[in-house]
Amino acid sequence: MAGLLRIIVQRLLLGIVTLFVVSVIIFVAVNALPGDFAEAILGQGATPEAVTAIREQLGLNQNAFTRYFVWLGGVLRGDFGVPLSQALFAGNFGTTATGTEVITVVDQIMPRLRNTLFLAGVSAAIAVPLAVTLGILTALYRNSAFDRSMNVTTLSAISSPEFFIAYVLILFLAVLNPVFPSLSNIFPGMEFSERLNRTMLPALTLTLAVTAQMMRMTRAAIINLLASPYIEMARLKGLSPMRVIVKHALPNALAPIITVIALNLAFLVTGVVVVEVVFVYPGIGQLFVDSVKIRDIPVVQACCLIFAAVYILLNLTADILSIVSNPRLRHPK
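Residues numbered from 1 in each chain as written. Predicted model: local features only at pLDDT ≥ 70, side-chain atom pairs only at ≥ 80, totals over all residues. Heavy atoms only, no water.

Trainee: Lay out the environment of Gly 78 with the relevant residues and their values.
Mentor: With respect to the element layout, Gly 78 can be found in the loop between helix H4 (64–76) and helix H5 (84–88). Distance in space between the C-alpha atoms of Gly 78 and Val 106 is 8.4 Å, their sequence separation being 28 residues. (Helix = DSSP H or I, 4+ residues; strand = E, 2+ residues; numbered from the N terminus.)

Quick look at the structure:
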């Protein structure tokens, strides 16, 4: 138990160091984007004096080293700052010039993040059981017509970009056969059934994008174990092929399956940008694209950091679960 706890602590510390390095990369990359917020908001008629004044008001004239540590200090306190569009017109008492309350980056991101997590949850609830079931069945009936057809289907799904899958689903499930709405314009207070109905098309798009990899990894991990001596012994005992796979092969194949599931769950959160834009889904991916367009640096940095944190956290979770599920990884000697 102490050895397992030490491994978990080591992984968590490694994750923190990785997130710090990623935060540096995010800050450098975002600030290297072409364009300038001051010039974007002032338009083509911006004078150098007006641009300089706005940059000074927003603190954009400070050197990158100072701005990074100011931003990092705020992040450690849970404060991602204020969107530049809000900061430009903010007064001294947390209100804009019109008297409305200033909306912080956290206020802007949290509703969008909840929407994205809901979309990812619906997609995962469909994709994970479907992928594992198909992986078991293709391993059970390997080299059959069913196995070959599933391989062709999954390879086609992997090869197709998300926006293409999205438009195909819109054509067949929203235009030719109006089963689901083509636009996922959800809002707070919407009933769960209606929210689920409007989320289904982007969820199916993500499901098709991630099911293939999870299914093929499940199939490969199980087939790799079917030649093991203990599997042969189980067969000689007269157990059915399905029971041999589910009871004996699947538990020992969990480590690679858990890893690929975690990676694809991370994709469901971090790779939703294209899908959310296609379906106009009000998630963090859509907010990220809109913020890049207007060069709103605090929002872009916060979105990137959230994506990185989710990806690192799920990778660490997969690593820890793989170690827990396989005693040989806990005792490599």
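After that view of the structure, there is still more to cover.
Trainee: Describe the pattern of salt bridges, with residues and values.
Mentor: Under the counting rule described, the total for this entry stands at 4 salt bridges. Arg 198 is the partner of Glu 194 in a salt bridge, and the nearest nitrogen-oxygen pair spans 2.7 Å. Taken together, the positions of Glu 194 and Arg 198, both in helix H9 (residues 192–225) and 4 residues apart, correspond to about one turn of that helix. Glu 194 gets classed as partly exposed once you look at its relative accessible area, which sits at 32%. (Salt bridge = Lys/Arg side-chain N within 4 Å of Asp/Glu carboxyl O. Buried < 20%, exposed > 50% of the residue type's maximum accessible area, 1.4 Å probe, protein only.)

Trainee: Explain unusual backbone geometry to me, using residue names and the numbers behind them.
Mentor: Phi is positive for Asn 143, close to 65°, though the residue is something other than glycine. On the basis of relative accessibility, which here comes to 59%, the residue Asn 143 falls in the exposed class. Residue Val 280 is not a glycine yet carries a positive backbone phi of 50°. Residue placement: Val 280 occurs in the loop between helix H13 (273–279) and helix H14 (284–293). The partly exposed category is assigned to Val 280, whose relative accessible area is 45%.

Trainee: Give a description of H9 that names residues and reports values.
Mentor: When the terminal C-alpha atoms of H9 are compared, their 42 Å separation across 34 residues is substantially less than the 50 Å that a helix rising 1.5 Å per residue should span. In the structure, H9 departs most strongly from a straight axis at Met 200, where the bend amounts to approximately 45° and where the proline Pro 202 lies between one and four residues downstream. (Expected span 1.5 Å × (residues − 1). Bend = angle between axes of the 7 residues up to and from the residue.)

Trainee: I'd love a proper account of the nonpolar core, names of residues and values included.
Mentor: Ranked by internal contacts, the top residues of the largest apolar core, which has 71 residues, are Ile 109, Met 214, Ile 222, Phe 279, Ile 284, Phe 288 and Cys 303. With 14 residues, the top contributor of residues to this core is helix H6 (residues 105–140). When residues of this core are assigned to domains, at least three fall in each of domain 1 (1–103 + 296–333) and domain 2 (112–293). When near neighbours in sequence (up to four residues on either side) are disregarded, Ile 284 contacts Ile 109, Arg 112, Leu 113, Thr 116, Glu 276, Cys 303, Ile 306 and Phe 307. (Core = buried A, V, L, I, M, F, W, Y, C linked by side-chain atoms within 4.5 Å. Domains from an automatic or database assignment. Contact = heavy atoms within 4.5 Å.)

Trainee: Describe the side chain of Asn 115, with residues and values.
Mentor: Looking at where Asn 115 falls in the secondary structure, it is placed in helix H6. From its side chain, Asn 115 meets the backbone oxygen of Pro 282 in a polar contact 2.8 Å long. When near neighbours in sequence (up to four residues on either side) are disregarded, Asn 115 contacts Ile 186, Arg 195, Tyr 281, Pro 282 and Gly 283. (Polar contact = N/O pair within 3.5 Å; in protein donor to acceptor, adjacent residues only side chain to side chain.)

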